[in-house]
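Tertiary structure, described
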Amino acid sequence: MHGGKLGLAVLLVPVAGIVFWPALQGPARMDEEALKAEFDKVRQPGMMNVPREDGEYLHDLIVEHGYKRVLEIGTSNGYSALWMGLALRKTGGRLITIEIDETRANLAAQNFRRLGFEEIIELRRGDALQLVPLVEGPLDLVFIDAWKPDYPRYLELVFEKVRAGGAIVAHNTRSHADDPGIRRYLEIVRRHPQLDTRVDTRSSAGFAISFKR
């Protein structure tokens, strides 16, 4: 990617409360801490982004296990994808991320381009229920953070694609604990004979992490 001094350009006028950031200029790649600071600028009200600690968790999970093939269901404007992309830059992997909302997808594409992740993150636009079956396995990690009632359907679609030793991570299992889709999802993964599942409550959102045997 091309990095440089931050804050050189004037921001474009916000539209409907959404901030569009200018492209970074310069010949050198930003160091990791500067890049993470840029990630935090991507977090915006109304984008339903994961908390920073959850982005860090996804990054660390990928690096720790050496995961290379990752699928994200629910891109929004790309905040969590950037954290995973940073990890995949280290493992030599790639991310496919799916977003149904065109406005959010456009913002995500801009963020990936601006921060130099276009070669690592592939954005697919459309309904995940239609697009996930087209994703080829095996996958090392699937991150589910989309329409909560469809969590059990997402699980069904990705399960056979995830390799043994891989993981399926579902977001908002704490913040949306009363959602019938979340409840059903947790019921399935906790009882599934091929999954070892634990619920992480490090943030207000909460994760369910299921490792496949």
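Not measured: the values here are computed from a predicted model. (Residues numbered from 1 in each chain as written. Predicted model: local features only at pLDDT ≥ 70, side-chain atom pairs only at ≥ 80, totals over all residues. Heavy atoms only, no water.)

Looking now at the overall build of the protein. Looking only at helices and strands, the protein features 7 helices and 7 strands. Going from the N terminus to the C terminus, the protein shows its helices and strands as α-α-β-α-β-α-β-α-β-α-β-α-β-β. Burial status across the protein gives 52% buried among its 213 residues. Of the accessible surface of the protein, which amounts to about 10100 Å², a share of 52% is contributed by carbon and sulfur atoms. (Helix = DSSP H or I, 4+ residues; strand = E, 2+ residues; numbered from the N terminus. Buried < 20%, exposed > 50% of the residue type's maximum accessible area, 1.4 Å probe, protein only. Areas by Shrake-Rupley, 256 points an atom, 1.4 Å probe, with all protein chains shown as cover.)

A few words on the pairing of strand β6 (residues 195–200). In this structure, β6 lies alongside strand β7 (residues 207–212), joined through 6 bridges in antiparallel fashion. Within the sheet, the bridge partner assigned to T197 lies in β7 and is S210. Linking β6 to β7, which pair antiparallel, is a turn of 6 residues; within it G206 sits at a positive phi near 90°. (Pairing = 2+ DSSP bridges.)

Let us now look at helix α6 (residues 151–158). Residues lying three or four places apart along an α-helix face the same way, a consequence of the helix completing one turn every 3.6 residues. Every buried residue belonging to α6 is among Y151, P152, Y154, L155 and V158, and all of these are buried. Buried positions in α6, seen along its axis, are confined to an arc of 160° and lie on one side of it. Those residues of α6 that are buried lie in contact with β1 (69–73), α5 (128–131), β4 (139–144), β5 (162–171) and α7 (180–191). (Arc of directions from axis to C-beta. Contact = heavy atoms within 4.5 Å.)

Okay, the pattern of salt bridges next. A complete count under the given rule lists 17 salt bridges for this structure. Across the salt bridge formed by E122 and R124, the nearest N and O atoms sit 2.8 Å from each other. (Salt bridge = Lys/Arg side-chain N within 4 Å of Asp/Glu carboxyl O.)

Moving on: the environment of R202. Among the structural elements, R202 can be located in the loop between β6 and β7. With 148 residues separating them along the chain, R202 and D54 place their C-alpha atoms 7.9 Å apart. Ignoring any residue separated from it by four or fewer positions in sequence, one finds R202 in contact with E53, D54 and Y57. Within polar-contact distance, the side chain of R202 engages the side chain of D200 at 2.8 Å. (Polar contact = N/O pair within 3.5 Å; in protein donor to acceptor, adjacent residues only side chain to side chain.)

A cis amide bond links G137 with the next residue in sequence, P138, at an omega value of 0°. At M48, a position not held by glycine, the phi torsion is positive, near 55°. Mapped onto the elements of the fold, M48 is located in the loop between α1 (32–42) and α2 (52–65). The phi dihedral of S76 is positive, around 55°, even though this residue is not glycine. Mapped onto the fold, S76 is located in the loop between β1 and α3 (79–91). Assessed through its relative accessible area of 9%, S76 is described here as buried.

Taken in spatial order, the 7 strands of this open sheet run β3-β2-β1-β4-β5-β7-β6, and their pairing is mixed. Bordering the open sheet on either side are β3 (121–125) and β6, each of which pairs with just one other strand. Between one strand and the next, the sheet's axes are offset by a mean angle of 15°, whatever the strand orientation. Pairing of β1 with β4, which is carried by 4 bridges, proceeds in the parallel orientation. Across the sheet, L71 pairs through a bridge with V142, a residue of β4. Sitting on the sheet, α7 touches β4, β5, β6 and β7, and the angle it makes with β6 is about 135°. (Axes fitted to C-alpha atoms, helices over the stretch in contact; angles between N-to-C directions.)

Here the focus is the side chain of S80. One can find S80 in helix α3. Dropping the residues within four chain positions of it, S80 is found in contact with V50, L58, E72 and F143.

Counting residues in each nonpolar core, the largest one holds 35 residues, and the members touching the most others are F39, F117 and L141. If you list the elements that add at least two residues to this core, you get α1, α2, α3, α4 (102–114), β3, β4, β5 and β7. Formed by 26 residues, the second largest nonpolar core is a distinct cluster that contains L71, V162, Y185 and A208. (Core = buried A, V, L, I, M, F, W, Y, C linked by side-chain atoms within 4.5 Å.)

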